[in-house]
Amino acid sequence: MQSWSSAPVPAIPGRGPDLRLYDTSDRQVRPVAPGATASMYVCGITPYDATHLGHAATYLAFDLVHRQWLDSGHQVRYVQNVTDVDDPLFERAARDGVDWRELGDREVALFREDMAALRVLPPTEYVGATEAIAEVVELVEKMLASGAAYVIDGEFPDVYYRADATPQFGYESGYDRDTMLRLFAERGGDPDRPGKADELDALLWRAARPGEPSWPSPFGDGRPGWHVECAAIALSRIGSGLDIQGGGSDLIFPHHEFTAAHAECVRGIRRFARHYVHAGMIGWDGHKMSKSRGNLVLVSRLRAEGVEPAVIRLGLLAGHYRADRSWSQQLLDESAARLQRWRTATTLPAGPDATDVLARVRQYLADDLDTPKALAALDGWTTDALEYGGHDTDAPGLVAAAIDALLGVEL
């Protein structure tokens, strides 16, 4: 699947410190220690509607990770999927009277436009689930052969993964069984499916139903389950031991827990990713922004209304990536004013020395992507430049380049 075009990343002097991030499974901030090439798998969209600010906030968070790795001298291998075959896509397509493929292609194209506008660096590989059927089938075959999966008898012989196939299942989320069952039911699971060995067992392969797309496999025609799609894509494109598995906090369970478990049981490893990183939710009108609730603020709609993408980006960076936070017109207005001040200060013929502010911005971002402190540091330099001036003719250009390289905001 085609990704989007990459914005240039300016070179800035020096090198950023090593990144530290909060790990969901360990419940603490700790160093990320990649090799020369850092690897990251971030779950992508199910393309049945346009990109909203909750999506944007998640992908901006991992764009910051990408940029900090580049600044500290790493190559980056970044893989993102598209769940381009799933029930919500079929339901929306049927409602609108369009082919599900047409709907998916249209929304993926809009997503790419939004990401390019927001200057999110593209993944190395952007992979649709329908492009990874062979990898999914291979993975399911291995789980069936090892006893980690089983087929339900009946009209629709679906294949399920045994939640107890790995002894460490549950370590990523840390949830108790009651919480798992509640979230499983709320987030696409089917605890009441007759014939399952355990309520928490997760669908690997959905046997073909009338009117649904399907692909051949040794265990019958069908299509992939949600979690195994990501496990197959990550393992085939990156392999075991990736540095970061990432996404929104609503994916911690069941999606990321099962994705990790699928990979771990097949590869015989204790831990799928060295770091599990999750971004907070964006709220609007008192609730988490979601398609089901209909309280969406769409990136494309803001852009159509004339809101500059850099303002949207700054508004989302004003809060910490892990925090659940709200969007508002006030936040948008404050971000527009901040952008204008930064632009004015960085077009001055000279300004205060920028060495200290560059070091502090790097340090704040390396410390679990602390964007509020990074923005405050840049606000401080801007105030000094506008109120007191300076004699360093290189400083305004250096600050502008750093804002672009590290925060992805073009001045």
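Our structure's up above, just so we're on the same page.
Residues numbered from 1 in each chain as written. Predicted model: local features only at pLDDT ≥ 70, side-chain atom pairs only at ≥ 80, totals over all residues. Heavy atoms only, no water.

Peer 1: Can you tell me about the overall build of the protein chain, naming the residues and giving the values?
Peer 2: Across its full length, the protein chain holds 13 helices and 14 strands. Scaling as 2.2 N^0.38, a compact globule of 411 residues should have a C-alpha radius of gyration of about 22 Å, and the protein chain matches this with 22 Å. The principal-axis extents of the C-alpha atoms in the protein chain amount to approximately 80 × 45 × 35 Å. Expressed as a percentage of its 411 residues, the buried residues of the protein chain come to 57%. Partitioning the contacts of the protein chain with sequence separation of at least 6, the portion at a separation of at least 24 is 79%. (Helix = DSSP H or I, 4+ residues; strand = E, 2+ residues; numbered from the N terminus. Rg over C-alpha atoms; globule rule 2.2 N^0.38 Å. Buried < 20%, exposed > 50% of the residue type's maximum accessible area, 1.4 Å probe, protein only. Contact = heavy atoms within 4.5 Å.)

Peer 1: Lay out the sheet that holds strand S3 (residues 37-42) with the relevant residues and their values.
Peer 2: Taken together, the 5 strands give an open sheet; going across it, the order is S5-S4-S3-S10-S11, and neighbouring strands pair in parallel fashion. Each end of this open sheet is capped by a strand with a single partner; those strands are strand S5 (125-128) and strand S11 (273-279). Going across the sheet, the axis of each strand differs from the next one's by a mean of 20 degrees, ignoring polarity. Sheet analysis places strand S10 (residues 242-248) next to S11, joined by 6 bridges and oriented parallel. Paired with Gln-245 across the strands is Tyr-276, a residue of S11. (Pairing = 2+ DSSP bridges. Axes fitted to C-alpha atoms, helices over the stretch in contact; angles between N-to-C directions.)

Peer 1: Account for the packing of helix H11 (residues 355-366) against helix H12 (residues 371-388), with residues named and values stated.
Peer 2: It is the contact of H11 with H12, at a shortest axis distance of 8 Å, that shows an interaxial angle of 170 degrees. Judged on the interaxial angle alone, H12 and H11 are roughly antiparallel. Judged by residue contacts, Val-357, Arg-360, Val-361, Tyr-364 and Leu-365 of H11 engage Thr-371, Lys-373, Ala-374, Ala-377, Leu-378 and Trp-381 from H12. (Parallel < 35°, antiparallel > 145°, perpendicular 65-115°, else oblique.)

Peer 1: Just give me the short version of the packing of helix H2 (residues 87-96) against helix H3 (residues 100-117), but keep the residues and values in it.
Peer 2: Pairs of packed helices are described in terms of their axes, by the angle between the two and the distance that separates them. One can describe the packing of H2 onto H3 by two numbers: an axis separation of 9 Å at closest approach and a directional angle of 105 degrees. One finds that H2 runs roughly perpendicular with respect to H3. Counting all contacts with H2, which are made through Leu-89, Phe-90, Arg-92 and Ala-93, the residues of H3 involved are Trp-100, Leu-103 and Gly-104. In terms of residue class, the contact of H2 with H3 is built from 5 nonpolar, 1 polar and 1 charged. (Nonpolar A, V, L, I, M, F, W, Y, C, P; charged D, E, K, R; others polar.)

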